[in-house]
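# Coordinates in review
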Amino acid sequence: MGRRNTGKTAARTALAGMFSALSVVVLFLGYATGVLDLCAVAVTSMFIAVAMIELGGAYPYLVWAVTSVISLVILPDKLLALEYILFGGIYPILKLYFERIRRRWLEWVVKLAYAAAVLAVLYAMSRFVLGLPMETGVLAWALLVSYIVFFAAFDRSLTVTLTWYVIKIRPKLTFLKKLR
């Protein structure tokens, strides 16, 4: 009996390691293209969400933490690593808690407050720590509005994609049944 649990733990740990490795590769590809960095962050968030579904427990946090550390060390674009750490990596986990709020309007207030806080931290880190030039004036407001639109679309697409995964893809992945 103990041996069976050890095998499941090893398999879950290996799958978590694969999710972390894939996340780092996708983030690096996003950096390499120069324009798909936010798309890479969105794709890597799916790995966290699938880890929540398939592995549960502390494994999604482990995938997020390992990917975060490796991204900070390996990626030349530290802002991209910060976007993953503060937004794409942790948001699927937080989304689960945000969606437990009974009132839908309050749920969205909390989600948007989180998005605004992430944007403020990224702005401060970009400007004061990384020393990057930042936009001001009308362009800054346009970027803020586009970020909020992106965030809402990201949240909705994450829900739709996870629903599609659970209904269509997960039943076909028979090798994962051994982990449950």
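Owing to the predicted nature of the structure, the values given are computational and were not obtained by experimental measurement.

## Considering the overall build of the protein
- Along its length, the protein carries seven helices and zero strands.
- The N-to-C order of helical and strand elements in the protein reads α-α-α-α-α-α-α.
- Expected size for 180 residues packed as a compact globule is a radius of gyration near 16 Å; at 18 Å, the protein falls within 12% of this value.
- Taking the principal axes of the C-alpha coordinates as reference, the protein spans close to 65 × 40 × 25 Å.
- Residues classed as buried in the protein amount to 34% of the 180 residues present.
- Taking all contacts inside the protein whose residues are at least 6 apart in sequence as the whole, residues at least 24 apart take part in 70%.
- As displayed, the protein has an accessible area near 10500 Å², and 72% of this comes from carbon and sulfur atoms.

## Some words on the packing of aromatic side chains
- The tally for this structure, following the rule as stated, stands at 13 aromatic pairs.
- Summarising the aromatic geometry, the rings of Phe87 and Phe151 are spaced 5.9 Å apart at their centres and angled 55° between planes, so their arrangement reads as tilted. Of this pair, Phe87 sits in helix α4 (residues 78-88) while Phe151 sits in helix α7 (residues 138-169), placing them 64 residues apart in sequence.
- Judged by relative accessible area, which is 4%, Phe87 ranks as buried.
- Overall, Phe151 belongs to the buried group, its relative accessible area being 0%.
- One aromatic cluster is present, formed by Phe87, Tyr91, Phe98, Tyr114, Tyr147, Phe150, Phe151 and Phe154 through successive ring pairs.
- Lys111 extends its terminal NZ or CZ atom over the ring of Trp108, reaching a point 4.7 Å from the ring centre.

## Side note on the confidence of the model for the protein
- Residues at a pLDDT of 70 or more form 95% of the protein, whose mean pLDDT is 88.
- Mean pLDDT across the elements of the protein ranges from a minimum in helix α1 (residues 2-33), with 87, to a maximum in helix α3 (residues 59-74), with 95.

## Some thoughts on the pattern of salt bridges
- Applying the stated criterion to the full structure yields seven salt bridges.
- Note that Arg104 and Glu107 form a salt bridge whose closest N and O atoms lie 3.4 Å from each other. Remark: Glu107 and Arg104 occur in helix α6 (residues 104-129); sequence separation between them is three residues, near one turn of the helix.
- In this structure Glu107 comes out as buried when scored by relative accessible area, which is 5%.

## Structural notes on the nonpolar core
- Of all hydrophobic cores here, the largest spans 39 residues; its most connected members are Phe19, Leu27, Leu55, Phe87, Tyr91 and Leu158.
- Of all elements in the fold, only α1, α2 (37-54), α3, α4, α5 (91-98), α6 and α7 reach the threshold of two or more residues within this core.
- In terms of residue count, the dominant contributor to this core is α2 (eight residues).
- Not counting residues up to four positions away in its chain, the partners in contact with Phe19 are Phe47, Val50, Ala51, Leu55 and Val63.

## Focus: a nonpolar patch on the surface
- On the surface, a nonpolar cluster with roughly 740 Å² of combined accessible area is contributed by Phe28, Tyr31, Leu62, Val66, Val69, Ile70, Leu72, Val73 and Ile74.
- Going through the elements one at a time, α1 and α3 are the ones with two or more residues in the nonpolar patch.
- The element that contributes the greatest number of residues to the nonpolar patch is α3, accounting for seven residues.
- With respect to the element layout, Phe28 can be found in helix α1.
- The class of Phe28 is partly exposed, set by a relative accessible area of 37%.

## Examining α3
- With 16 residues, α3 extends 22 Å from end C-alpha to end C-alpha; this agrees with the ideal 22 Å at 1.5 Å per step.
- Among the residues making up α3, those that are buried are Tyr59, Pro60, Val63, Thr67, Ser68 and Ser71.

The rules behind the values
Positions within a chain are numbered from 1, following the residues in the order the chain's sequence is written. With the structure being a predicted model, the display of local features is reserved for residues of pLDDT at least 70 and the display and counting of side-chain atom pairs for 80 or more, all residues being used for whole-chain, interface and lining totals. The side-chain quantities take in all heavy atoms of the structure and omit both hydrogens and water. Strands are runs of DSSP state E lasting at least two residues, helices are runs of H or I lasting at least four, and both sets are numbered from the N terminus onward. To get the radius of gyration, use the C-alpha atoms; to get the globule rule, take the number of residues to the power 0.38 and multiply by 2.2 Å. The rule is simple: take the accessible area with a 1.4 Å probe, protein chains only, and divide by the maximum for that residue type; under 20% is buried, over 50% is exposed, in between is partly exposed. Contacts are residue-level and defined by heavy atoms, with any inter-residue pair within 4.5 Å sufficient. The protein chains shown are the only cover counted for residues, whose accessible areas, like all others here, come from Shrake-Rupley with a 1.4 Å probe. Any pair of Phe, Tyr and Trp rings, taking the six-membered ring for Trp, is counted once the centres come within 6.5 Å. Such a pair is stacked with planes under 30 degrees apart, edge-to-face with planes over 60 apart, and tilted for the rest. The rule for a charge over a ring is simple: NZ of Lys or CZ of Arg within 6 Å of the ring centre, and within 35 degrees of the ring normal. pLDDT gives the predictor's per-residue confidence on a scale running from 0 to 100. One side-chain nitrogen of Lys or Arg within 4 Å of one carboxyl oxygen of Asp or Glu is enough to make a salt bridge. What is meant by a nonpolar core is a set of buried Ala, Val, Leu, Ile, Met, Phe, Trp, Tyr and Cys residues, joined one to another through side-chain atoms within 4.5 Å. Within this analysis, patches are made of residues with over 30% relative accessible area and no salt bridge. Like charges are joined at 9 Å or less; nonpolar side chains (Val, Leu, Ile, Met, Phe, Trp, Tyr) at 5 Å or less. What a helix should span is 1.5 Å times the count of its residues minus one.

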